[in-house]
Amino acid sequence: MGVSRLDVFYRRLLLTKLFIGGWGKPEDLKRIFEFRKVIGDREKCKSLVPEDYPVYINKTEELTDCHIHDGFFISPLEHLVPGILPQEAIKANFQFIVPKRWQRNRPVCIHLAGTGDHFFWRRRTLMARPMIKEAGMASLLLENPYYGSRKPKDQLWSCLKNVSDLFVMGGALILESTVLLRWLEKEGYWPLGMTGISMGGYMASLAVTNWPKPIPLIPCLSWSTASSVFTTGVLSKAVNWRELEKQYAINSVYEEEIIKLLEYCGADSFRIDHGLIKNMDSSEHLLGLSRDNILSVGHYSKAGGETVVGGGREGDGDQLVSSVDSCRLSLDNLPRNLNAYSTLHGKKIDSKSYRPSLHRESISFMKGVMDECTHMANFSVPVDTSLIIVVQAKEDAYVPRTGVLSLQEIWPSCEVRYLNGGHISAYLFKQNVFRKAIYDAFNRFCLKYPNLH
């Protein structure tokens, strides 16, 4: 399939840059990767969040069709990895939207926020209120770290300052979802499920991998890993690659130490999305590279304690180079003034430190760290994958699917429903399809586990 022109056009409207602060502190990345090894294994997480973790309701509002309860709790991540969350994000806020009359049982779906979804209005208006009317289903809307009232003062809009911020957000949401699921169980709500759109779908998927019981999951407009979003999707053009390249060149810890912490090395490890590149308009080639240069991107990965390069499908050897030194960027993509790379945070480098492969290596490193913390194959398989209904857009240019493992390969028995069009059109016009998938997943759970409460 091609990619949506609306997705490409909408991306061009994004004037701000992602990750203007760079990769994040190396020590923070190390702590995150070590913690990922814990939360990636469901068995290791059973005692991370106490059963009686305190949750508070501090305000209740009555509307014509529902009650809206505002609540909060302290993110468990602050206790487990102290200081990793910005001060503003430590307190986790949520809205619990409950129908005045239940149709049957007391079902609750937790909605995690997608990119740019600050506070609660969008999810409440487009999903929660219609779900009360259509199915008598309650919704719990959790505010993401780095968004809304949890946004750091030095962050511009939705643009995460550091790459590490995305991983901190994911770790926090996994633990915070566990808090809420346990609290809802204790309060007698049943059945419980999770959903999210775009980034919210990724985060909901990660959270469910950690839940020790069968649970409906409905990830919409997300896929098996976020690495393709920032390396080959249209959003990759909003990444501040110049700052990332400078930091990667100056600080050897990324190349010499952090790379060794990357564990994921699956069949799709470090593979570039050929299908997306092939179908992109020539004027919108990603990252400013020619097609040949994009195809030459390999990656470092950890295998048997050694650093290796490359990856990809069998038969793709003519498109992927196997040596770091064999990649050549076009002269147009080299900085016109190498002095731009001469200083960073008071450190000096000379022209000898700059290497033509630096851009490629930075993209490769991005793919590695993203796969480490977001690839579903790096986490436990949900208890019952038949309760998962994935909704995806056929021409999604934000979440490329070519060249990465499919969710069906990682989660056997999950269902994938495809919509015509791209990411933006699906979000704007297909909310009813997302809600239908939620109802179907919950009904499937009730039929299969009628006594599991």
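This is a predicted model, so every value here is computed, not measured.

### Let's talk about a nonpolar patch on the surface
Turning to step 1, where the next piece is worked out: Together, L6, F9, Y10 and L13 make up an exposed nonpolar region whose accessible area comes to about 400 Å².
Turning to step 2, where the next piece is worked out: Topologically, L6 is positioned in helix α1 (residues 5–12).
Turning to step 3, where the next piece is worked out: When its relative accessible area of 35% is taken as the criterion, L6 is described as partly exposed.

### Some thoughts on helix α6 (residues 199–209)
Turning to step 1, where the next piece is worked out: Judged by how many residues are buried, α6 sits mostly within the fold: 11 of 11 residues are covered.
Turning to step 2, where the next piece is worked out: By the burial criterion, the buried members of α6 are M199, G200, G201, Y202, M203, A204, S205, L206, A207, V208 and T209.
Turning to step 3, where the next piece is worked out: In this structure, the buried side of α6 is in contact with β4 (108–112), α5 (163–186), β6 (192–197), β7 (217–220), α7 (227–231) and α12 (358–374).

### Thoughts on the pattern of salt bridges
Turning to step 1, where the next piece is worked out: On inspection of all chains with the given rule, the structure shows 20 salt bridges.
Turning to step 2, where the next piece is worked out: Among the ionic pairs, D440 bridges to R417, the shortest N-O distance being 3.0 Å. Of this pair, D440 sits in helix α15 (residues 431–448) while R417 sits in strand β13 (residues 415–419), placing them 23 residues apart in sequence.
Turning to step 3, where the next piece is worked out: One network of salt bridges, in which partners are shared, links E415, R417, K436, D440 and R444.

### What to know about the packing of aromatic side chains
Turning to step 1, where the next piece is worked out: Counted according to the given criterion, the structure contains 15 aromatic pairs.
Turning to step 2, where the next piece is worked out: Arranged with centres 5.5 Å apart and planes meeting at 55°, the rings of F19 and F230 form a pair that is tilted. Separated by 211 residues along the polypeptide, F19 in the loop between α1 and α2 (26–39) and F230 in helix α7 bring together distant segments of the chain.
Turning to step 3, where the next piece is worked out: F19 sits in the buried class, given a relative accessible area of 1%.
Turning to step 4, where the next piece is worked out: Given the relative accessible area of 9%, F230 is considered buried.
Turning to step 5, where the next piece is worked out: With 6.3 Å between their ring centres and 50° between their planes, F33 and F167 make a pair best called tilted.

### Quick notes on the nonpolar core
Turning to step 1, where the next piece is worked out: The biggest cluster of nonpolar side chains holds 102 residues, and the ones touching the most others in it are W23, F33, F96, F167, M194, F230 and M366.
Turning to step 2, where the next piece is worked out: Tallying contributions element by element places α5 first for this core, with 14 residues.
Turning to step 3, where the next piece is worked out: Setting aside chain neighbours within four positions, we find M194 in contact with C109, I110, L112, S177, L181, A204, A207, V208, I215, P216, L217 and I218.
Turning to step 4, where the next piece is worked out: One finds C220, I389, I438 and A441 within the second-largest nonpolar core, a separate group that totals 19 residues.

### Here we look at the pairing of β4
Turning to step 1, where the next piece is worked out: In terms of residue burial, β4 counts as a mostly covered element, since 5 of its 5 residues are buried.
Turning to step 2, where the next piece is worked out: What you see with β4 is no split at all: V108, I110 and L112 on one side and C109 and H111 on the other are buried throughout.
Turning to step 3, where the next piece is worked out: Bridge count for β4 against strand β5 (residues 138–142) is 5 bridges, and the pairing is parallel. Bridge pairing links I110 to L140 in β5.
Turning to step 4, where the next piece is worked out: Since β4 and β5 lie parallel, the crossover through helix α4 (residues 121–135) that links them has a hand, and here it is right-handed.

### Focus on the side chain of S362
Turning to step 1, where the next piece is worked out: By the secondary structure assignment, S362 is in helix α12.
Turning to step 2, where the next piece is worked out: The class for S362 is buried, based on a relative accessible area of 0%.
Turning to step 3, where the next piece is worked out: Those residues in contact with S362 that lie beyond four places of it in its chain are W23, W241, L244, E245 and Y248.

### Notes on empty space enclosed by the protein
Turning to step 1, where the next piece is worked out: Here the structure, examined in full by the defined rule, presents 3 cavities of 30 Å³ or more.
Turning to step 2, where the next piece is worked out: Taken as a whole, the largest cavity spans an internal volume of roughly 160 Å³.
Turning to step 3, where the next piece is worked out: What lines the largest cavity is a set of 18 residues, among which I32, I39, F167, V168 and G171 lie closest to the centre.
Turning to step 4, where the next piece is worked out: Counting residues per element, the ones that place at least two in the lining of the largest cavity are α2, α5, α6 and α12.
Turning to step 5, where the next piece is worked out: For the lining of the largest cavity, the element with the highest residue contribution is α5, accounting for 6 residues.
Turning to step 6, where the next piece is worked out: Looking at the lining of the largest cavity residue by residue, the classes come out as 14 nonpolar, 3 polar and 1 charged.

### Re unusual backbone geometry
Turning to step 1, where the next piece is worked out: Residue P191 is bonded to the preceding W190 through a cis peptide linkage, with omega at -10°.
Turning to step 2, where the next piece is worked out: Despite not being glycine, N105 has its phi angle at roughly 55°, a positive value.
Turning to step 3, where the next piece is worked out: Here N105 lies in the loop between β3 (91–99) and β4.
Turning to step 4, where the next piece is worked out: Here N105 falls in the partly exposed class, since its relative accessible area comes to 36%.
Turning to step 5, where the next piece is worked out: Phi angles above zero are rare outside glycine, and W157 is one such case at about 50°.
Turning to step 6, where the next piece is worked out: Within the fold, W157 resides in the loop between β5 and α5.

### Description of the side chain of T178
Turning to step 1, where the next piece is worked out: Topologically, T178 is positioned in helix α5.
Turning to step 2, where the next piece is worked out: Accessibility expressed as a relative area gives 7% for T178, which makes it buried.
Turning to step 3, where the next piece is worked out: Among the polar contacts made by the side chain of T178, one reaches the main-chain carbonyl oxygen of I174 at a distance of 3.1 Å.
Turning to step 4, where the next piece is worked out: The contacts of T178, once residues within four sequence positions are left out, are V49, N210 and W211.

So, how was this worked out
- Residues numbered from 1 in each chain as written.
- Predicted model: local features only at pLDDT ≥ 70, side-chain atom pairs only at ≥ 80, totals over all residues.
- Heavy atoms only, no water.
- Patch = residues over 30% accessible without salt bridge, like charges linked within 9 Å, V, L, I, M, F, W, Y side chains within 5 Å.
- Areas by Shrake-Rupley, 256 points an atom, 1.4 Å probe, with all protein chains shown as cover.
- Salt bridge = Lys/Arg side-chain N within 4 Å of Asp/Glu carboxyl O.
- Helix = DSSP H or I, 4+ residues; strand = E, 2+ residues; numbered from the N terminus.
- Buried < 20%, exposed > 50% of the residue type's maximum accessible area, 1.4 Å probe, protein only.
- Contact = heavy atoms within 4.5 Å.
- Phe/Tyr/Trp six-rings, centres within 6.5 Å; stacked < 30°, edge-to-face > 60°.
- Core = buried A, V, L, I, M, F, W, Y, C linked by side-chain atoms within 4.5 Å.
- Pairing = 2+ DSSP bridges.
- Right-handed = clockwise from strand over helix to strand, strands pointing away.
- 1 Å grid on protein atoms, 1.4 Å probe; cavity = no way out; pocket = protein on both sides within 12 Å on 5 of 7 lines; lining within 4 Å.
- Points joined across faces, edges and corners; volume = space filled by probe spheres on them.
- Nonpolar A, V, L, I, M, F, W, Y, C, P; charged D, E, K, R; others polar.
- Polar contact = N/O pair within 3.5 Å; in protein donor to acceptor, adjacent residues only side chain to side chain.

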